[in-house]
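As a plain string of letters, each chain reads:
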Protein chains: 2
Amino acid sequence: MHSKELLKGTLQMIILKLLADEGKMYGYEITQKVKELSDGQMVLTEGALYPTLHKLEAEGLLITEKVSMGKRIRKYYRLTETGQSSVLKKVDEFTDFISMMSRVLQIKPAL
Amino acid sequence: MHSKELLKGTLQMIILKLLADEGKMYGYEITQKVKELSDGQMVLTEGALYPTLHKLEAEGLLITEKVSMGKRIRKYYRLTETGQSSVLKKVDEFTDFISMMSRVLQIKPAL
DNA sequence: TTTAATACATTAGAGTCTTATGTATTAGAC
DNA sequence: GTCTAATACATAAGACTCTAATGTATTAAA
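Residues numbered from 1 in each chain as written. Chains lettered and ligands numbered in written order. Predicted model: local features only at pLDDT ≥ 70, side-chain atom pairs only at ≥ 80, totals over all residues. Heavy atoms only, no water.

Caption draft 1: Expanded view of the interface of chain B and chain A. Chain B puts 39 residues into the contact, and the matching count from chain A is 39 residues. Of the roughly 3,800 Å² buried at the junction of chain B and chain A (both faces included), carbon and sulfur atoms supply 74%. For the pair chain B and chain A, the number of links is two salt bridges. Between R103 of chain A and D39 of chain B there is a salt bridge, and its shortest N-O distance comes to 2.9 Å. The interface formed by chain B and chain A holds four residue pairs in polar contact (both at pLDDT 80 or more) in total. Every element with two or more residues in the side of chain B that touches chain A is listed here: α1 (11-22), α2 (27-37) and α4 (81-105) of chain B. Sort the elements by how many residues they give to the side of chain B that touches chain A and α4 of chain B lands first, with 15 residues. Considered class by class, the residues forming the side of chain B that touches chain A number 20 nonpolar, ten polar and nine charged. (Contact = heavy atoms within 4.5 Å. Buried area = accessible area lost by both parts, 1.4 Å probe. Salt bridge = Lys/Arg side-chain N within 4 Å of Asp/Glu carboxyl O. Polar contact = N/O pair within 3.5 Å; in protein donor to acceptor, adjacent residues only side chain to side chain. Helix = DSSP H or I, 4+ residues; strand = E, 2+ residues; numbered from the N terminus. Nonpolar A, V, L, I, M, F, W, Y, C, P; charged D, E, K, R; others polar.)

Caption draft 2: Quick peek at the protein's contact with DNA strand D. Surrounding DNA strand D, one finds 28 residues, the nearest of these being Y26, Y28, R74 and K75 of chain A together with R72 of chain B. Between DNA strand D and Y50 of chain A there is a distance of 3.0 Å, counted from a phosphate oxygen to a side-chain nitrogen or oxygen. H54 of chain A places a polar side-chain atom, nitrogen or oxygen, 3.2 Å from a phosphate oxygen of DNA strand D. Elements supplying a minimum of two residues to the surface near DNA strand D: α2 (27-37), α3 (46-58) and β3 (72-79) of chain A together with α3 (46-58) of chain B. (Near = heavy atom within 4 Å.)

Caption draft 3: Main features of α4 of chain B. With 25 residues, α4 of chain B ought to run about 36 Å at 1.5 Å a step, and its terminal C-alpha atoms sit 36 Å apart, in line with that. Q106 of chain B lies just past α4 of chain B and shows a positive phi near 55 degrees. (Expected span 1.5 Å × (residues − 1).)

Caption draft 4: Looking closely at the UniProt feature "domain: Transcription regulator PadR N-terminal" (unreviewed entry) in chain A. Those residues carrying the UniProt feature "domain: Transcription regulator PadR N-terminal" (unreviewed entry) are residues 15-86 of chain A in this numbering. Helix makes up 53% of residues 15-86 of chain A and strand 26%. Its end C-alpha atoms lie 12 Å apart. (UniProt positions renumbered as here; feature names shortened; annotations may be inferred.)

Caption draft 5: Inspection of the packing of helix α4 (residues 81-105) of chain A against α1 of chain B at higher detail. The interhelical angle for the contact between α4 of chain A and α1 of chain B, taken along N-to-C directions, is 35 degrees, at an axis separation of 9 Å. Packed against α4 of chain A, whose contacting residues are M101, V104 and L105 of chain A, the element α1 of chain B presents M13, I14, K17, L18 and D21 of chain B at the interface. Taken together, the residues of the contact of α4 of chain A with α1 of chain B break down into six nonpolar, no polar and two charged. (Axes fitted to C-alpha atoms, helices over the stretch in contact; angles between N-to-C directions.)

Caption draft 6: Main features of the packing of aromatic side chains. This structure, assessed with the given rule, holds five aromatic pairs over all chains. For the pair F94 of chain A and F97 of chain A, a centre-to-centre distance of 6.0 Å together with 35 degrees between the ring planes defines the contact as tilted. Taken as a pair, F94 of chain A and F97 of chain A lie in helix α4 at a separation of three residues, close to a single helical turn. Under the relative-accessibility criterion, F97 of chain A is labelled buried at 2%. The structure contains a cluster of three or more aromatic residues connected by ring pairs, namely F94 and F97 of chain A together with F94 and F97 of chain B. Seen from the ring of Y76 of chain B, K24 of chain B lies directly overhead, with NZ or CZ sitting 4.8 Å from the centre. (Phe/Tyr/Trp six-rings, centres within 6.5 Å; stacked < 30°, edge-to-face > 60°. Buried < 20%, exposed > 50% of the residue type's maximum accessible area, 1.4 Å probe, protein only. Lys NZ or Arg CZ within 6 Å of the ring centre and 35° of its normal.)

This is the structure in structure tokens:
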């Protein structure tokens with residue numbers, strides 16, 4: 001399945017939505033959760049994930065907290081208030097996008 | 001609504017699906033049909049449309065037919081057999097994408 | 001007669017992702 | 001005990017797709 005192009009523009013929303021549901025997560029945990037929820041269909045690459053996390057942090061949607069697990073460091077991410085309102089907006093936009101696409105393609109996707 | 005990033009990767013499919021439904025169309029007609037079906041929400045720009053049409057033609061999914069309307073020339077596009085089977089595959093991939101995203105985001109979009 | 005719509009097209013640049021590469025720790029298999 | 005896979009972070013070059021800008025030309029309508 002090379003529907004990878006369809007994933008463009010969804011990564012920010014996925015990260016934000018997962019954090020909204022889970023409270024706080026670290027990068028690697030996000031990749032595993034996405035893999036689990038999609039039954040292995042969707043695999044986030046680090047080259048996409050980390051730059052996106054850093055960007056969302058720089059934009060003030062996320063804040064970080066470093067936690068030492070022995071010698072290994074985990075960087076937990078959490079939504080800011082701005083981030084919380086942003087999730088709602090992005091998910092709404094996505095459902096609007098789906099219904100628009102269904103109309104343009106003239107299909108009725110069964111969920 | 002800046003959900004424009006979500007549109008990435010959907011243009012080829014939209015063009016192919018419209019041609020599958022309509023038989024043959026010319027570029028400008030496609031932009032108008034998309035605008036109509038999406039109630040003005042989706043506007044194809046020429047910079048995206050024409051390169052994509054040319055690419056699909058080069059890949060053998062479309063064939064063209066030039067028709068003179070007085071002094072103006074219209075270039076009609078039509079699916080090849082390869083194009084026809086490609087549409088089915090791409091639309092299937094899109095519905096799979098939607099159901100996968102619904103699971104990952106843990107939402108139930110109402111259509 | 002001038003503006004908007006029709007109709008084609010190209011190009012520079014932006015944004016997002018993939019692929020490749022790098023470092024280091026920890027758990028488990030043999 | 002040692003090697004491999006999994007865990008955990010990160011950056012960088014390049015590909016791909018789109019936007020915004022620009023260009024040419026015809027036709028309909030105000």
